[in-house]
Amino acid sequence: MYLLNRHQRHVVNYSWMLFSLLIIAFLPFMLFGGLYFKSFLLLKTHTLKDLVFSHSWHPSRGEFGFYPFIVGSVWVTLLAIFISTPICLLTAINVTQYAKKRFLRIMHPVIDILAGIPSVVYGVWGILVIVPFISRYLGPWFGVQTMGYSILAGAFVLSIMIIPFILNIMIEIFRAIPTELKEATLSLGTTKWQMVKHVLLRKALPGIIASVGFGLARAFGETMAVLMVVGNVIKVPHSVFDPGYTLPALIANNYGEVLSIPQYDSALMFAALILLAVSLFFNLLMHFFIARYNKY
Amino acid sequence: MKRTLKAEETFFRVLMNLTTAFILIILGIIIYSVFEKGMKAMSWEMLTSVPSGGYYYGKGGGILNAIVGSLVLAFGATILAFLIGLPVALYMNVFLVRRKRLVNLIRFILDLIWGVPSIVYGAFGFTLMVLVGLQTSLLAGIITVTLFILPIMIRSMDEILRTVPMGLSEATYSLGSNKSELAFKIFTRQSVSGIITAVLLSFGRAIGDAASVLFTAGYTDNLPNSLMEPVATLPLSIFFQLASPVPEVQARAYASALVLTVIILIVSLFSRGLGKRYHKTKINF
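Caption draft 1: Representation of the overall build of chain B within the structure. Counting its regular elements, chain B contains 11 helices and 0 strands. Along chain B, helices and strands appear, N-terminal first, in the series α-α-α-α-α-α-α-α-α-α-α. The C-alpha extent of chain B, read off along each of the three principal axes, is 70 × 70 × 35 Å. Looking at chain B alone, contacts between residues at least 24 apart form 76% of all its contacts between residues at least 6 apart.

Caption draft 2: The arrangement of the interface of chain A and chain B in detail. Chain A puts 63 residues into the contact, and the matching count from chain B is 65 residues. Every element with two or more residues in the side of chain A that touches chain B is listed here: helix H1 (6-45), helix H3 (67-98), helix H4 (101-116), helix H5 (119-141), helix H6 (151-176), helix H8 (192-220), helix H10 (247-254) and helix H11 (262-294) of chain A. Residue composition of the side of chain A that touches chain B, grouped by class: 44 nonpolar, 14 polar and 5 charged.

Caption draft 3: Molecular detail of the domain arrangement of chain A. Residue and element names in this part refer to chain A. For chain A, the assigned domains read domain 1 (6-45) and domain 2 (57-294). Computed over C-alpha atoms, the centres of domain 1 and domain 2 are 30 Å apart. In this complex, domain 1 contributes 8 residues to the contact, which on the side of domain 2 involves 10 residues. A class-by-class count of the residues in the side of domain 1 that touches domain 2 yields 6 nonpolar, 1 polar and 1 charged.

Caption draft 4: Looking closely at the environment of Thr191 of chain A. Following the sequence through the fold, Thr191 of chain A ends up in the loop between helix H7 (179-187) and H8. Thr191 of chain A sits 59 residues away from Leu250 of chain A along the chain, and the two C-alpha atoms are 51 Å apart. In this structure, Thr191 of chain A is in contact with Leu5 and Glu9 of chain B, ignoring residues within four places of it in sequence.

Caption draft 5: Just the confidence of the model for chain B, in detail. The share of residues in chain B with pLDDT of 70 or more is 94%, and the mean pLDDT across the chain is 86. The complex prediction reports pTM at 0.90, with the ipTM value standing at 0.89.

Caption draft 6: Representation of unusual backbone geometry within the structure. Not every positive phi belongs to a glycine, and Asn232 of chain A is a case in point at roughly 55°. Within the secondary structure layout, Asn232 of chain A lies in the loop between helix H9 (224-229) and H10.

Caption draft 7: Structural detail: the packing of H5 of chain A against H6 of chain A. All names here are of chain A. Interaxial distance between H5 and H6 falls to 9 Å at its minimum, and their mutual angle equals 135°. On the basis of their axis angle, the class for H5 and H6 is oblique. Once H5 is placed against H6, the crossing between them reads as right-handed. Where H5 abuts H6, its residues Ser119, Tyr122, Gly123, Gly126, Ile130, Val131 and Ile134 lie against Leu152, Ala153, Phe156, Val157, Ile160 and Met161. Across the contact of H5 with H6, the residue classes tally to 10 nonpolar, 3 polar and no charged.

The rules behind these values
- Residues numbered from 1 in each chain as written.
- Chains lettered and ligands numbered in written order.
- Predicted model: local features only at pLDDT ≥ 70, side-chain atom pairs only at ≥ 80, totals over all residues.
- Helix = DSSP H or I, 4+ residues; strand = E, 2+ residues; numbered from the N terminus.
- Contact = placed C-beta atoms within 7 Å.
- Nonpolar A, V, L, I, M, F, W, Y, C, P; charged D, E, K, R; others polar.
- Domains from an automatic or database assignment.
- pLDDT = per-residue confidence, 0-100.
- Axes fitted to C-alpha atoms, helices over the stretch in contact; angles between N-to-C directions.
- Parallel < 35°, antiparallel > 145°, perpendicular 65-115°, else oblique.
- Left-handed = near helix turned anticlockwise from the far one by under 90°.

Encoded structure:
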């Protein structure tokens, strides 16, 4: 019936499992090692300080200043976080504390669909809705002439994209708070909002911070949607209505043309290395933060 | 005092309802605007033909190359990720079940690489391609996307497998089975619904991601016919058509976005439906 006997099948299955596990275990090191190896060419001739703080980006002259891209990325990411954190927090409280149980069952598919929409579709939506909105209404309202393709447009689109991600974690956090704690507080004669404000928020604070941290890491590396609406102008932005350029967009836009200049290729790999490092750093930080906090 | 308290609560409740409504409305606007713009340029020709000469200047043709390409790429990557992912998830929950620290370390690593942006996988995949002398091709795309969806697939399978009760393992051992039989015959059957959900979730990710296939899968106007040739994908076809200055081509980008969105919605619907259907095979304790 079978080609192999039971023991042989066990050995085959076992080695298959172990082999797969090894692939996974080495993947982060391979990612880091591969990108570091490729960006070594650039790091040999430029100091790290030069690369990060220099303004001039002229690949043909061998000048690689990542400052405009880093600033662009940081602006877009922070703005997006500022927009989506309060929205997620209030919605999570509403859904878990105030709304009926049934409502959570509506909210889950909504979150799933928002999380499942591909980033290119978010980009299309940004071009269709957000960009005209900024150039026609928001810009003139603040007295600014703008095409709409700006840091703010990138931040808006990005903030919508990370809402499902942050909201999902926050809902889990609020649901994990024991009912006894809420009941004990309410029995002291507080109103529901006082209970939420003084007890729930304090209890959930580390989780909330962690969810924002994870969202930040996710937002920093988002490529296509931001690339499509942020304007892609290599200049340090001075206001949120200025067009900008982000690190992931830099990689995505220039990959086809770099092979002629080896240092350019290396520079883009360095940009990928920065993204990887930022993502790993924030995820590590938040994991240790949660692990430490859970002890108490 | 009491009145300000009341006012504060009312204020925040209104604010909460507003933000909740905001999220629902945004989803509505996204779906509406994609459908509204997409339906205008949608035609049978779009769905059933490959781009003819001059397609990118507004002449006839369709995006069949990208639809088929995306499906083939996503299927390939999902199957490959399943072949690597399921054993890892089973190994963690059957063989390492008593070594909590090691399992937690693996989970931690998986969470870390889950957070890595897809463009980094794209860059890494390209480095790998250059290293082994591979051109932009379907194969390179599949490998890169596999790496990208692996952590997602393993972690969601793992979340299901860890809920399998100890009693089931003990009962299986008592009948004389070994560990790999327990893993592949009992654990997989007990968790079928969860595994299907995990696979469909990864498939959705694989088909929607553009940044990882940008340098690895390339782009072509032909249908995919070999692993070694470039392949077109829907996200990239949307991206390239939008960059065109011709309004008709841009309109087709919206139609392509509609196709992609519909595929994603169908996958998400399936994962809900199938998940419920296979609950029957599960033994309840």
